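# Observations on chain architecture
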Amino acid sequence: MKTEFTYIEQFINRIDVECPSCKAKAIVTSKPENRAETRFTCVSCGSTKNWMGKGNVFQTGSSLFNSGGILLGSPVDCYFKYPLWYKTEVKGEVLFAYNMEHLTYLLNFISNKVRERQPNEHGWSNRSLESRLPKWMLSAKNREVIEKKLKELMAKGVRV
């Protein structure tokens, strides 16, 4: 039986983004114990910025873009709202990942033809990433194209 769930917050300590200044790959790093210390860094142009948000306040949905909290589940980094480096379109939907670990997780999950969810010792977790993936990503008819796009995004990360 599966004992741990995967949560989107597990992938937001290092986020690969597109630098708003030079369009090169840059990173946003944060510490889970104190997200107020989050920092943007671009090694290509030297651009840096410290996040002035609300620490560990998590929010979802694009309507909260300017609230100062940590925005989860949108195709931008959850702190500065910069475009993600790993983002593409699949059948009119946006497929994105925060970093290579997130891409690997998605590829493994999508590729798995038998996706069983099990409760852990605390029961079910509706907050888990497994339960929050959109239906179009879970559809068997989209599996092949999603796998292909995820592999393309992974290759983009290796080329840089």
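Here, the structure is the one placed above.
Now for a look at the structure at hand. Just so you know, the residues in each chain are numbered from 1, in the order the chain's sequence is written. Totals for whole chains, interfaces and linings use every residue, but because this is a predicted model, local features are given only for residues with pLDDT of at least 70 and side-chain atom pairs only at 80 or more, for both listing and counting. With hydrogens and water stripped out, all remaining heavy atoms of the structure feed into the side-chain values.

## Side note on the nonpolar core
The condition that has to hold: Put simply, a nonpolar core is a bunch of buried Ala, Val, Leu, Ile, Met, Phe, Trp, Tyr and Cys residues held in one set by side-chain atoms that sit within 4.5 Å of each other. Working definition: with a 1.4 Å probe on protein chains only, accessible area under 20% of the residue-type maximum means buried, over 50% means exposed, and in between means partly exposed. For helices the rule is a DSSP run of H or I covering at least 4 residues; for strands it is a run of E covering at least 2, with both sets numbered from the N terminus onward.
Core analysis: the biggest nonpolar cluster contains 39 residues, and Ile15, Phe40, Tyr79 and Tyr98 have the highest contact counts within it. Broken down by secondary-structure element, the contributors of at least two residues to this core are strand S1 (14-18), strand S2 (25-31), strand S6 (70-72), strand S7 (86-90), strand S8 (93-97), helix H1 (100-111), helix H3 (135-138) and helix H4 (143-159). A per-element tally of this core places H1 first, with six residues.

## Description of the pattern of salt bridges
Our working rule: One side-chain nitrogen of Lys or Arg within 4 Å of one carboxyl oxygen of Asp or Glu is enough to make a salt bridge.
Under the defined criterion, the tally for this structure stands at five salt bridges. Residue Glu18 is joined to Lys23 by a salt bridge in which the shortest nitrogen-to-oxygen separation is 3.8 Å. Put simply, Lys31 and Glu37 hold a salt bridge, and the shortest N to O gap is 2.8 Å. Judged by its relative accessible area of 38%, Lys31 falls in the partly exposed class. Shared partners join several salt bridges into a network, and the residues in it are Arg14, Asp16 and Lys25.

## A few points about the state of the cysteines
Selection rule: Disulfide assignment relies on a single distance test, namely cysteine sulfur atoms paired within 2.5 Å.
Counted according to the given criterion, the structure contains zero disulfides. Unpaired in this structure, Cys22 has its nearest cysteine sulfur neighbour in Cys42, at a distance of 3.6 Å. Among the residues examined, Cys22 registers a relative accessible area of 32% and is labelled partly exposed.

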